[in-house]
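Chain and residue survey
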Amino acid sequence: MKNNCVGASALDRVSVYADAYFLRLKEILENDFELARVCLGQERFVSLVADYLAANPPFHPDAAWLGSRFPRFVEVHAAWRRIEHLPEILDLEWAINETLYSPWIDEKAAMQLSSLAADDLSLAQFVTDPSVRLVFSPALIEDAWLDRSNRSEGEPLETGRDCARPWLVVRRGAQGEVKFARFSDGERLLWREIHRPQTLTQTCENLSNWDEAVAALAELGGWAQRGLIKEIRLNSSSGNDEDLEKGETQS
Amino acid sequence: MSFLGFGAGLRSPHYSDVLSGRVLEVDWFEAISENYLGYGEEPAGRPLETLLKVRENFPIVLHGVSLSIGGTDPFDRSYLKSLRKLYEIVDPAWVSDHLCWTGVHGHNLHDLLPLPYTRDTIGHVVSRIQEAQDFLGRRLTIENVSSYLSYASSEMSEWEFLSEIHARTGCGLLLDVNNIFVSAHNHAFDASEYLQGIPEGSVTQMHLAGHSSNEALLIDTHDAPVCDGVWQLYAEALKRFGRISTLIEWDADIPVFERLEEEVSHARSIAQRVHGSPILAQNPNRSRKDFHQPSGTQVSVGAT
Ligand SMILES: [Fe+2]
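A few points on the structure. If you're wondering where the values come from, they're calculated on a predicted model, not measured in any experiment.

Quick look at the overall build of chain B
- A tally of regular secondary structure across chain B gives nine helices and 12 strands.
- Its C-alpha atoms give chain B a radius of gyration of 18 Å, within 12% of the compact-globule value 19 Å for 304 residues.
- Its C-alpha atoms give chain B principal-axis dimensions of roughly 50 × 45 × 35 Å.
- Taking the intrachain contacts of chain B between residues at least 6 apart in sequence as the baseline, contacts between residues at least 24 apart amount to 79%.
- Between the mean site of the 23 positive side-chain charges and the mean site of the 40 negative ones, chain B shows a separation of 9 Å.

Given below as structure tokens:
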């Protein structure tokens, strides 16, 4: 085979691939973590990306997974985690990414609830919105995310007073739009509990020691109205542990 | 393989144009498989729901970028399972990926790296294509990549390598005319000789795209209109291979949809000139059954 290295050196040729590698991966992370990039400013974001990629070279055949370890990387990094709200912002943006790839389930629960006899309610099990992700952040980072295209580069996130409901609920709408809500600690407990394969009566028994969660029971109707609960099933059987695992990883 | 006409790569900035219901200059779309896989056990989510809406009116081809058909790591089974499920859901006219490797030792470079063109590599690639085809339950169509380097160990030309793999696996060829043009410049070979070296009847599809230049090298950037030299080479390819489904790729600095339609329209007019008969735009409201026979795979339309 003749040597075709005319016009460009071997180093020039390898450099095309080497340069493209970092640029391509940086672009993926820029798209998936827009608010983090704006808050840090381009230069610091690129530096964070370089640190991340050095520690976490892409591991999955699908490049969409590239950012899956980004929040955790920052959370445990001695320097990067000190940047106020950065770990929560990365958590939020990855949650948004995941939620858009969740299936859509039509909302039936509100209508079912209105026609349900009181006796039947005790047998109710709940099909929750599979797109829901919970992010712990007392700061109102969702407002900053919604306003991300109007923010100045490198403008630090000033969020004012912490929110009394520290769990940010992220989920998708029918058209793929991102929806936010907030849970208190009690609501989060209830949310976790209703993922168990058990009836509402069993849920109430399990919650009896958790005042806040018991108070949150009144929210169930509201969750159905807002589409957080998609469907109500009447079933006295207690299901299995496999279902429980699945429900919990969703939140 | 069916002739789908003249298509475009489906990209998210154009979703609303594609779903607008107006008659488009584009007959069919090619979607990047990985954009629809998601993170769950099965493909789901808004992008897939959109793709399925597009598919109601247009034939779809699924084009992958991560199979690493020339790689030496074992195939990632969970990735292959997701791909297979996506194929079941979308029921594409055909599926394709690239003749390249994309990573090694569990690290993915997310780039399309060239292979050394040797007898040993042919044996390796042939067995990988057969393994992937068996697992996916589909015939693969394989695309030539653009490249910036070649290996001292290569024993044959790229077209000989590609033709031998086609002959031994029965895979279809996706001839990227722009990639031939780019690589011909970068490695100083004759692009016409490349076309002459590919067997007639082996080509399922052609790609056209724009490129940029980096001093001595041409770079396959997909960020510009197709250049005159590539249009000329396309006309030459049509003369050799006949009516072949053709697709415009535009992935960076993505223009308004109408600009993309102009490129599609230009490809159509060249084909009409070469083949001497009008090749009309398809009606987007026409049932996709009119374009190609479904494979018989059960199609599930709500993503679950
Ligand atoms: Fe291509």
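Let's talk about the pairing of strand E4 (residues 178–183) of chain A
Residue and element names in this part refer to chain A.
- Sheet topology places strand E3 (residues 167–172) next to E4; six bridges connect them, and they run antiparallel. When the bridges of E4 are listed, Val169 appears paired with Ala181.
- The loop that links E3 with its antiparallel partner E4 comprises five residues; one of these, Gly176, has a positive phi angle of about 85°.

Considering a negative patch on the surface
Residues and elements named next belong to chain B.
- Together, Glu160, Asp190, Glu193 and Glu236 line one region of the surface with negative charge.
- Note that Glu236 resides in helix H8 (residues 228–241).
- For Glu236, a relative accessible area of 30% puts it in the partly exposed group.

Observations regarding the pattern of salt bridges
- Summed over the entire model, instances satisfying the criterion amount to 29 salt bridges over all chains.
- When the shortest N-O distance is used, the salt bridge between B:Arg22 and B:Glu261 registers 2.8 Å. Of this pair, B:Arg22 sits in the loop between helix H1 (15–18) and strand E2 (28–32) while B:Glu261 sits in helix H9 (residues 257–275), and the two are 239 residues apart along the sequence.
- Exposure remark for B:Glu261: the relative accessible area of 9% places this residue in the buried category.
- For B:Glu200, the salt bridge goes to B:Arg240, with nearest N and O atoms at 3.8 Å. Taken together, the residues B:Glu200 in the loop between helix H7 (191–197) and strand E9 (203–209) and B:Arg240 in helix H8 connect sequence positions 40 residues apart.
- Sharing partners across several salt bridges, the network here consists of A:Lys108, A:Glu231 and A:Arg233.

A few points about the sheet that holds E4(A)
Residue and element names in this part refer to chain A.
- Strand order in the open sheet formed by three strands is E2-E3-E4, with antiparallel pairing between adjacent strands. Where the open sheet ends on each side, the last strands, each with one partner, are strand E2 (133–136) and E4. Neighbour-to-neighbour, the strand axes of the sheet open up by a mean angle of 30°, direction not taken into account.
- This element, helix H9 (residues 185–193), spans E2, E3 and E4 of the sheet and lies at about 110° to E4.

What about the interface of chain A and chain B?
- Across the boundary between the two partners, chain A contributes 36 residues, which contact 38 residues of chain B.
- Among the residues of chain A in contact with chain B, A:Tyr17, A:Pro61 and A:Tyr101 are the three that bury the most area, contributing 26% of the side total.
- Applying the counting rule to chain A against chain B returns two salt bridges.
- One salt bridge in this structure joins B:Glu49 and A:Arg172, with 2.8 Å as the shortest N-O distance.
- Across the contact surface, chain A and chain B share 14 residue pairs in polar contact (both at pLDDT 80 or more).
- Among the elements of the structure, helix H1 (10–32) and helix H5 (86–100) of chain A are those that each provide at least two residues to the side of chain A that touches chain B.
- Of the residues forming the side of chain A that touches chain B, the biggest block, nine residues, is contributed by H1(A).
- Here the side of chain A that touches chain B is composed, by residue class, of 22 nonpolar, seven polar and seven charged.

Examining the nonpolar core
- Counting 79 residues, the largest nonpolar core has B:Phe29, B:Leu175 and B:Tyr234 as its most contacted members.
- In terms of residue count, the dominant contributor to this core is H8(B) (eight residues).
- Excluding residues within four positions of it along the chain, B:Leu175 makes contact with B:Asn144, B:Leu162, B:Ile180, B:Tyr194, B:Leu195, B:Ile198, B:Val203, B:Gln205, B:Met206, B:His207 and B:Phe241.
- Core analysis: the second largest hydrophobic core is formed by 36 residues, A:Phe33, A:Ala63, A:Ala144 and B:Tyr39 among them.

Examining the coordination of the iron ion
All names here are of chain B.
- Looking at the metal site, the iron ion is ligated by Glu143 (OE), Asp176 (OD), His207 (ND1) and Glu249 (OE), spaced 2.0 to 2.4 Å from it.
- Its four donor atoms give the iron ion angles of 85 to 173° at the centre, a pattern that matches the irregular case.
- Of note, the iron ion draws all its donor residues from one chain, in the sequence arrangement E-x32-D-x30-H-x41-E. Of this pair, Glu143 sits in strand E7 (residues 140–143) while His207 sits in strand E9; the two residues are 64 residues apart in sequence, bridging distant segments of the chain.

So, helix H4 (residues 119–136) of chain B
Residue and element names in this part refer to chain B.
- Here H4 contains 18 residues, and its C-alpha end-to-end distance of 26 Å stays within 8% of the 26 Å for a straight helix at 1.5 Å per residue.
- Within the sequence span of H4, burial applies to Thr121, Ile122, Val125, Val126, Arg128, Ile129, Ala132, Gln133, Phe135 and Leu136.
- In this fold, the buried residues of H4 make contact with helix H3 (77–90), E7 and helix H5 (158–169).
- Where H4 ends, the next residue or the one after it, Gly137, has phi of about 70°, a positive value.

As for the environment of B:Asp111
- Mapped onto the secondary structure, B:Asp111 falls in strand E6 (residues 107–113).
- In sequence terms B:Asp111 and B:Cys100 are 11 residues apart; their C-alpha atoms lie 8.9 Å from each other.
- Ignoring sequence-local partners within four residues, the contact set of B:Asp111 consists of A:Tyr17, A:Ala20, A:Arg24, B:Trp101 and B:Thr102.

A short note on H9(A)
- Regarding H9(A), the residues found buried are A:Gly186, A:Glu187, A:Leu190, A:Trp191 and A:Glu193. Projected onto a plane normal to the axis of H9(A), the buried residues spread over an arc of 165° and lie on a single side.

Conventions and cut-offs
Numbering of residues starts from 1 in every chain and runs along the sequence as written. Chain labels run from A onward and ligand labels from 1 onward, assigned in the order the entries are written. Local features are withheld for residues below a pLDDT of 70 in this predicted model, meaning they are given only at 70 or higher, and side-chain atom pairs are given and counted only at 80 or more; totals for whole chains, interfaces and linings count all residues. No hydrogens and no water enter the side-chain calculation; it runs on all heavy atoms of the structure. The helix and strand labels rest on DSSP assignments: H or I over at least four residues marks a helix, E over at least two residues marks a strand, and numbering proceeds from the N terminus. Based on C-alpha atoms, the radius of gyration is set beside the globule rule, defined as 2.2 Å times the residue count to the power 0.38. In this description, contact between two residues means that some pair of their heavy atoms is separated by no more than 4.5 Å. In this count, Lys and Arg are taken as positive residues and Asp and Glu as negative ones, while His and the chain termini are left out. One atom stands in for each charge, and that atom is NZ of Lys, CZ of Arg, CG of Asp or CD of Glu. Two strands are said to pair when DSSP picks up at least two bridges between them. Candidates for patches are residues over 30% relative accessible area with no salt bridge; among them, like charges are joined within 9 Å and nonpolar side chains (Val, Leu, Ile, Met, Phe, Trp, Tyr) within 5 Å. Surface accessibility follows the Shrake-Rupley procedure with a 1.4 Å probe radius. Residue values consider only the protein chains on display as shielding. When a carboxyl oxygen of Asp or Glu lies within 4 Å of a side-chain nitrogen of Lys or Arg, that pair is called a salt bridge. Only protein chains enter the area calculation, which uses a 1.4 Å probe; residues under 20% of their type maximum are buried, those over 50% are exposed, and those in between are partly exposed. Angles shown run from 0 to 180 degrees and are taken between the N-to-C directions of axes, each axis being a line fitted to C-alpha atoms and, for helices, limited to the stretch in contact. The term buried area means the drop in 1.4 Å probe accessible area that two parts suffer when joined, counted for both and summed. Think of a polar contact as two N or O atoms within 3.5 Å of one another; within protein, one of them needs to be a possible hydrogen donor and the other a possible acceptor, and neighboring residues in sequence only count if both atoms come from side chains. Gly is placed with the polar residues, together with every amino acid not listed as nonpolar (Ala, Val, Leu, Ile, Met, Phe, Trp, Tyr, Cys and Pro) or charged (Asp, Glu, Lys and Arg). By nonpolar core we mean a set of buried residues, namely Ala, Val, Leu, Ile, Met, Phe, Trp, Tyr and Cys, connected to one another through side-chain atoms within 4.5 Å. Each metal site lists N, O and S donors within 2.8 Å (3.2 Å for Na, K and Ca). With water left out of the atoms, a site can look as if it is missing ligands. Geometry is assigned from donor-metal-donor angles: four donors are tetrahedral when every angle falls between 85 and 135 degrees, four are square planar and six octahedral when opposite donors sit over 155 degrees apart with all other angles between 65 and 115, and any other arrangement is irregular. To estimate how far a helix should extend, the number of its residues minus one is multiplied by 1.5 Å. What the arc covers is the set of directions going from the helix axis to the C-beta atoms.

Limitation: the analysis is restricted to geometry and does not speak to function.
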